[in-house]
Amino acid sequence: MENKVNSACETCPQYNAKGLKKLGVHTGNFDYVVALAGNPNTGKSTVFNALTGLRQHTGNWPGKTVVRAEGAFEYDNSKFKLVDLPGTYSLLSTSQDEEVARDFILFGKPDVTIIVVDASRLERNLNLVLQILEITDKAVLCLNLMDEAKRNNVKIDERTLARDLGIPVVPTSARFNKGIPELIQTVNEVASGKIICKPHRIKNVPKKIEDAVAKLSAEIKKQFPTIPNSRWIAFRLLEGDARIIKALKTGEFV
Amino acid sequence: MKKDEIEKLITLSSDLRWKIGDEFHDSLAEGIYADASEISNASVSRANEKKKFRLDSKIDSIVTSKTWGFPIMFLILALILWITIVGANYPSAMLSNLLLDNVHPFLKEVAANIGMPWWLDGFLIDGVYLAVAWVVAVMLPPMAIFFPLFTLLEDFGYLPRVAFNMDYLFKKSGAHGKQALTMSMGFGCNAAGVVATRIIDSPRERLIAIITNNFSLCNGRWPTQILIATIFIGAVVPSSFSAVASMSAVIGIAILGIFFMFLTSWALTKTVLKGEVSTFNLELPPYRPPRVLKTIYTSLIDRTLIVLWRAIVFAAPAGAVIWLISNIYIGNESIAAWTINFLDGFGFLLGLNGVILLAYIVAIPANEIVIPTILMLTVLVTGVTGGEGAGVMFELDSVNATGDLLRAGGWTLLTAVNLMLFSLLHNPCSTTIYTIYKETNSLKWTTVATILPIIMGFIVTFLVAQIWRLF
């Protein structure tokens, strides 16, 4: 892409992410852990490569990444370890790739989770986003494939979306390296606590279930006062998720 | 710790679960969808929703159509193979000229000058070096063409369409539709294909995909197919058709592999791996113009060099073994000659010979070295001069000379056809076997995946040989 100036912002030193240093596979001594989650085929691996300078192979088919890949970058004197998770549509069932993704967000306790979504298929992608927001407080929505959305005449009001989701939203076209500087800066601000997220919690739940969830969630909070996702754990317990029951017993949540 | 409290929690959750009833999962899913639709309605708008020309769906309606889907698939495969076969010739000749005709004599000279003992010189330079050099000269050019082409196709978004086309067949055979994707990966490398089966959720269907991945002709076997087809199949038709004939033969073998994959999947689901076919959503991603230079660069670095390195790592010790068994004598016969004589009878039954069978034993670590091993052993048995002596791998200067040597070794068209069949149907290479073990964690299934194709290979080549000899 040509280097023409599209907005006044691009002349600002902040904008160009001067402090970015791609560290490749050198993931030692990091300050923050960042997870990269999202539906299959939304460009997670491309975002991963853009941030770390690695060349993880990307392919235009769902299911390309089946194991998690790790890389690192440095920004503003902080070192970030970036973990690319397998793409999944949901975290509610238990196939191997979904489990890898879910376990990392739940037990790996990343400092920030970047949720990569396909801008032209936002509604379908939100299914996973809403589930992740039940698990973690600190997330950034990476509205990727903006070039395709534009081509398909899809317009997204990012501010409304950010307000509704309660997390920052950054539009990107990772294939063309667009929006990556803003993404890094936002991730940094969430990691360092400059931006406090107030993530959306699932609302349209029948009263009967909501009551049960509230009751269970309160009990969980009593036992584990520090965890942010008691409500999600309540969901899983009501589902009878054996992995979560085991984690409760072993105290993995603490 | 507060174990009792945790137990209480779990009891409470089961009580509540009983109270809610079994609509919990669905209600929650519905709730999430409702939220998602509210949020997206508030922020997404679509300009002029009018039906406008959509290139994506236009292409899709052609490449996934009932009539054109399969012909287009084979056409694309043929085109890629054609470019690979034709394009690889020149760099291959240059590399073999450099590594085999120039560097090899030079190394021999150096060894002689520093007074290296003959056995060490033979072992290192004629054994290890030649094996490695052959693999580089023969494998690198086709891989450097095939992988980038395949990756471009992948980045463009064609693979999910292949899966879409074949889904019906997979369903029929009781396997998972995503197996089409892992199968395609297998055409590059079976070990990679086996790892890729992780995208299949159900363990039963994943196991089927793992066991049958070996029926995808992998990169180590394409050169064997291409060379043998060129020498023997191309020779039986008028020379103006020989390229087309040999290419068709190779594609025929690849399709036969797909057929065997379906057959085996079907047989497994009817016997030991019974179960329901699970449904899944396959997203057809939009076509994306590949970023050509970047793709070529990364596929060269990530795929070609990694596969090549693996081949070299395995070829080196194999070259050493070949040299050793040809130069260690029991009585007045070398181990190689002794084994070949022993295997010849069985080989004849299969329409093959002892040389080929021994070559396949030596080449378990890497399929790439089958042809050079066969040539070397043939020289040893027939006593034809032209090679470089016992246990020395070589590549004959022209394809014709290779053909002459093999015919002198008693090869016929039947031998060639059966070698191509056996190259498709035999045990996976050791890397793939190890990968299967790591993925399944089961000695039993690893054994099945290893033994099953070789049994099928024996049966098929045996039948072909018997029927062939009737006429």
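Predicted, not measured: the structure shown is a model, and the values here were computed from it. Counting restarts for each chain: residues are numbered from 1 in the order of the written sequence. The naming scheme follows written order: chains are lettered A onward, ligands numbered 1 onward. Predicted model: local features are reported for residues with pLDDT of at least 70 only, side-chain atom pairs are reported and counted for 80 or more only, and whole-chain, interface and lining totals are derived from all residues. Side-chain metrics in this entry use all non-hydrogen atoms of the structure; hydrogen atoms and water are not considered.

Side note on the overall build of chain A
No. 1: Broken down by element type, chain A carries nine helices and eight strands.
No. 2: Here chain A, with 254 residues, has 58% of them falling under the buried criterion. Only runs of H or I of at least four residues qualify as helices and only runs of E of at least two qualify as strands under DSSP, and these elements are numbered from the N terminus. Buried, partly exposed and exposed residues are distinguished by accessible area as a fraction of the type maximum, computed with a 1.4 Å probe on protein chains only: under 20%, between the cut-offs, and over 50%, respectively.

Let's talk about the overall build of chain B
No. 1: Looking only at helices and strands, chain B features 19 helices and three strands.
No. 2: Counting over 471 residues, chain B shows a buried share of 52%.
No. 3: Summarising the internal contacts of chain B: among those between residues at least 6 apart in sequence, 78% fall at separations of at least 24. Only heavy atoms enter the contact rule, under which two residues are in contact if any of them lie within 4.5 Å.

Considering the environment of Thr447 of chain B
All names here are of chain B.
No. 1: Along the chain, the position of Thr447 falls in helix α19 (residues 443–470).
No. 2: Sequence separation between Thr447 and Ile211 is 236 residues, and the spatial gap between their C-alpha atoms is 9.8 Å.
No. 3: Polar contact is the term for a pair of N or O atoms within 3.5 Å; when the atoms are in protein, one must be able to donate a hydrogen and the other to accept it, and sequence-neighboring residues count only if both atoms are side-chain atoms. Among the polar contacts listed, one links the side chain of Thr447 to the backbone oxygen of Leu443, at a separation of 2.5 Å.

Focus on the interface of chain A and chain B
Frequently, the measure chosen for interface size is the accessible area removed from exposure when the parts meet.
No. 1: Contact with chain A, which involves 65 residues of that partner, is made by 63 residues of chain B.
No. 2: The term salt bridge refers to a pairing of a side-chain nitrogen on Lys or Arg with a carboxyl oxygen on Asp or Glu at a separation within 4 Å. Where chain A meets chain B, there are zero salt bridges.
No. 3: Where chain A meets chain B, there are eight residue pairs in polar contact (both at pLDDT 80 or more).
No. 4: Listed by contribution, the elements that provide at least two residues to the side of chain A that touches chain B are α2 (96–107), α3 (122–135), α4 (146–151), β7 (154–156), α5 (158–165), α7 (207–223), α8 (230–239) and α9 (242–250) of chain A.
No. 5: Broken down by element, the side of chain A that touches chain B gets its largest block of residues, eight residues, from α7 of chain A.
No. 6: Residue polarity is assigned by list, with Asp, Glu, Lys and Arg as charged and Ala, Val, Leu, Ile, Met, Phe, Trp, Tyr, Cys and Pro as nonpolar; anything else, Gly included, falls into the polar class. When grouped by side-chain class, the residues that make up the side of chain A that touches chain B number 28 nonpolar, 18 polar and 19 charged.
No. 7: As defined by bridge partners, β7 of chain A adjoins strand β1 (residues 44–46) of chain B across three bridges and the pair is classed as antiparallel. In this description, strands pair whenever DSSP reports at least two bridges between them.

Describing helix α1 (residues 44–52) of chain A
No. 1: Of all nine residues making up α1 of chain A, nine are buried, and the element is well covered by its neighbours.
No. 2: Lys44, Ser45, Thr46, Val47, Phe48, Asn49, Ala50, Leu51 and Thr52 of chain A are the residues of α1 of chain A that are buried.

Some details on the confidence of the model for chain B
It should be kept in mind that the predicted coordinates are not to be read in detail where pLDDT is low.
All names here are of chain B.
No. 1: Residues with a pLDDT of 70 or more make up 91% of chain B, whose mean pLDDT is 82.
No. 2: Here helix α16 (residues 399–408) is the element of chain B with the lowest mean pLDDT, 74, and α19 is the one with the highest, 94.
No. 3: Model confidence for the complex: the whole-complex pTM is 0.68, and ipTM, which rates the interface, is 0.83. Per-residue confidence from the predictor is reported as pLDDT, which spans 0 to 100.

Description of the pairing of strand β3 (residues 69–75) of chain A
Side-chain positions along a regular strand alternate between the two faces of the sheet.
Residue and element names in this part refer to chain A.
No. 1: The element β3 is largely enclosed, with a buried count of six among its seven residues.
No. 2: In the sheet, β3 pairs with strand β4 (residues 78–84) via seven bridges, with the strands oriented antiparallel. If you follow Ala69 over to β4, its bridge partner there is Asp84.
No. 3: Connecting the antiparallel pair β3 and β4 is a turn made up of two residues, with Asp76 showing a positive phi of about 55°.

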